[in-house]
Amino acid sequence: MAAGYADILKAPHAARLLTGTLVGRLPNATAHIAIVLFTRAEGGSYTLAGALAAVYGLATAVGQPLLGRAVDLYGQPRVQLPAAVVSALGMFLLAAAGTGSLILAYAAVSVAGLFTPPLEGGLRALWPSVLGREDRVHRAYAMDAVAQEIMFTVGPLLVTLLVSLWSPGAALFVINVIGVVGALSVVMSKPSRAWRSAPREAHWLGALRSPGLLALLGAFFFVGLALGSITVAGVAYADDHGRESVYGWLMAALGLGALVGGSVYGARQWAGAPERRLRIIVALLAAGYLPLILTPGVAAMTALSAVAGVFLAPAIACAFIVVDRHAPRGTVTEAFSWLVTTFGVGAAAGTAVAGPAVEIGGTAWSFAVAGAGGIAALLVLTATQRVLAVPGRTDDITGSGSHSSENDRNGAAQPGFSSGREA
């Protein structure tokens, strides 16, 4: 599997684009913990810290699809870099002004979230022109998911290191400067400067006019809900066992499972329609979440957490393939951004639901929210399988059902890439 990823990274510009995107997304990956630590250092309550982090998350959810649509219309450099700079300035304002003025603090995190650049969707829009072959692009989607697991593990550790060496304010400043540098690296690359979206039909709904995309977003709201509820349930489980370190073990095991699952998934080329494959993966994902309700001892629970994480990265990687097949012409970055947004909103909903679940029924009930989320995602995909069966492109005038990738306006990918149905 390592050889497959190495083959991708040897392609011109690939390593730079992946690294730049991950570095550019560092502020977003660490924003919640950075905001909480900064607010607490300023003497603010946990309630205020949580509220500021929630506003940041909500603003990000609003901004991602809007900025994604702007990228499709105007290109990556004209949107990604200015957005990264404005987002960083929002965090700089928070670090400079503190939380003494609540209006200013909320405005700062709102700006930072709203202008978070859609680098994740932008990278996936670039892969076909960089990698060419369909199998390599699909493997790159899996590699993205694996790399994100690493970033979301390393990022918080970097924040805590910066806080211990300097201060929470300095951590906000350094992390966001690094993020701007990452975005700059991406948009200055030749593929990013050359990329143009396919011509699009003027429509106020943009990517959301695709029934297949709407079905996928509905399913991934519940996948996000499941994952978000586990973060709260894990804290409750650690409290039950009287050790804060237990939470770290559970989250590390979940990330390790996702890392292994994504690596294995990306190591081979999969036959069959990705829509059907996604239903199978989500079914396995739900099956992995359900045993957590048993809340056994720490060792067994850590093992169950690792198993629960195995199918998350494959589900995300496969979902991005499905997005590419169903995004209306000229809306691919926006469509990718909608998936990221919906997943994030679902995660926020999961944390909101899991809290009352703990208070009402205990830790097992909060883990039951994760299982219910996985089952709900599977039900949505099953109920909408006819909508998802054929990509919702309306621009095929040949009647053959085949089309070039929405990402590949200039035909850089080999013939047959993203063709209606896979063999």
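Residues numbered from 1 in each chain as written. Predicted model: local features only at pLDDT ≥ 70, side-chain atom pairs only at ≥ 80, totals over all residues. Heavy atoms only, no water.

(A) Up close: the overall build of the chain. Of regular secondary structure, the chain possesses 18 helices and 0 strands. Expressed as a percentage of the 423 residues in the chain, the buried residues total 53%. By element, 69% of the accessible surface of the chain is carried by carbon and sulfur atoms, the whole surface being about 17,100 Å². (Helix = DSSP H or I, 4+ residues; strand = E, 2+ residues; numbered from the N terminus. Buried < 20%, exposed > 50% of the residue type's maximum accessible area, 1.4 Å probe, protein only. Areas by Shrake-Rupley, 256 points an atom, 1.4 Å probe, with all protein chains shown as cover.)

(B) Main features of the nonpolar core. In this structure, Trp 127, Leu 131, Leu 216, Phe 220 and Tyr 289 are the most contacted members of the largest nonpolar core, which totals 75 residues. Broken down by element, the residue count for this core peaks at 13 residues, all from helix α11 (residues 211–240). Judged by nonpolar contacts, the second largest core, of 21 residues, contains Ala 34, Leu 94, Ala 108 and Met 151. (Core = buried A, V, L, I, M, F, W, Y, C linked by side-chain atoms within 4.5 Å.)

(C) A look at a nonpolar patch on the surface. Nonpolar side chains collect at one region of the surface, where Leu 58, Val 62, Leu 66 and Leu 114 lie side by side and expose about 360 Å² of accessible area between them. The greatest single-element share of the nonpolar patch, amounting to 3 residues, is contributed by helix α4 (residues 46–74). The residue Leu 58 is located in helix α4 in this model. Exposure remark for Leu 58: the relative accessible area of 58% places this residue in the exposed category. (Patch = residues over 30% accessible without salt bridge, like charges linked within 9 Å, V, L, I, M, F, W, Y side chains within 5 Å. Salt bridge = Lys/Arg side-chain N within 4 Å of Asp/Glu carboxyl O.)

(D) Looking closely at the packing of aromatic side chains. Taken as a whole and assessed by the stated rule, the structure comprises 5 aromatic pairs. Considering the side-chain rings of Tyr 265 and Trp 270, the 5.4 Å spacing of their centres and the 20 degrees angle between planes classify their relative orientation as stacked. (Phe/Tyr/Trp six-rings, centres within 6.5 Å; stacked < 30°, edge-to-face > 60°.)

(E) Summary view of the confidence of the model for the chain. When pLDDT is averaged across the chain, the result is 83; 88% of the residues are at 70 or more. Across the chain, helix α5 (residues 77–97) holds the top mean pLDDT of 96, while helix α1 (residues 2–9) sits lowest at 70. (pLDDT = per-residue confidence, 0-100.)

(F) Structural detail: the pattern of salt bridges. Summed over the entire model, instances satisfying the criterion amount to 3 salt bridges. The residue Arg 25 makes a salt bridge to Glu 120 at a minimum N-O spacing of 3.2 Å. On the criterion of sequence distance, the pair formed by Arg 25 in the loop between α2 (14–24) and α3 (26–41) and Glu 120 in helix α7 (residues 119–131) is long-range, its members being 95 residues apart. For the salt bridge of Glu 275 with Arg 325, the shortest nitrogen-to-oxygen distance reads 2.9 Å. In this pair, Glu 275 is assigned in helix α13 (residues 274–289) and Arg 325 in helix α15 (residues 312–326), connecting sequence segments 50 residues apart. Summarising the burial analysis for this pair, Glu 275 and Arg 325 share the class buried.

(G) Structural view of the packing of α15 against helix α16 (residues 332–361). As a packed pair, α15 and α16 sit with axes 9 Å apart at the nearest point and diverge in direction by 145 degrees. Note that α15 runs across α16; the crossing there is right-handed. Residue-level contacts link Leu 312, Ala 319, Phe 320, Val 323 and Asp 324 of α15 to Val 332, Ala 335, Phe 336, Leu 339, Val 340 and Phe 343 of α16. Its residues placed into classes, the contact of α15 with α16 shows 10 nonpolar, no polar and 1 charged. (Axes fitted to C-alpha atoms, helices over the stretch in contact; angles between N-to-C directions. Left-handed = near helix turned anticlockwise from the far one by under 90°. Contact = heavy atoms within 4.5 Å. Nonpolar A, V, L, I, M, F, W, Y, C, P; charged D, E, K, R; others polar.)

(H) Examining the side chain of Glu 120 more closely. Note on Glu 120: relative accessible area 7%, which makes it buried. The residues touching Glu 120, leaving out its near neighbours within four places in the chain, are Thr 21, Arg 25, Gln 148, Phe 320 and Val 340.

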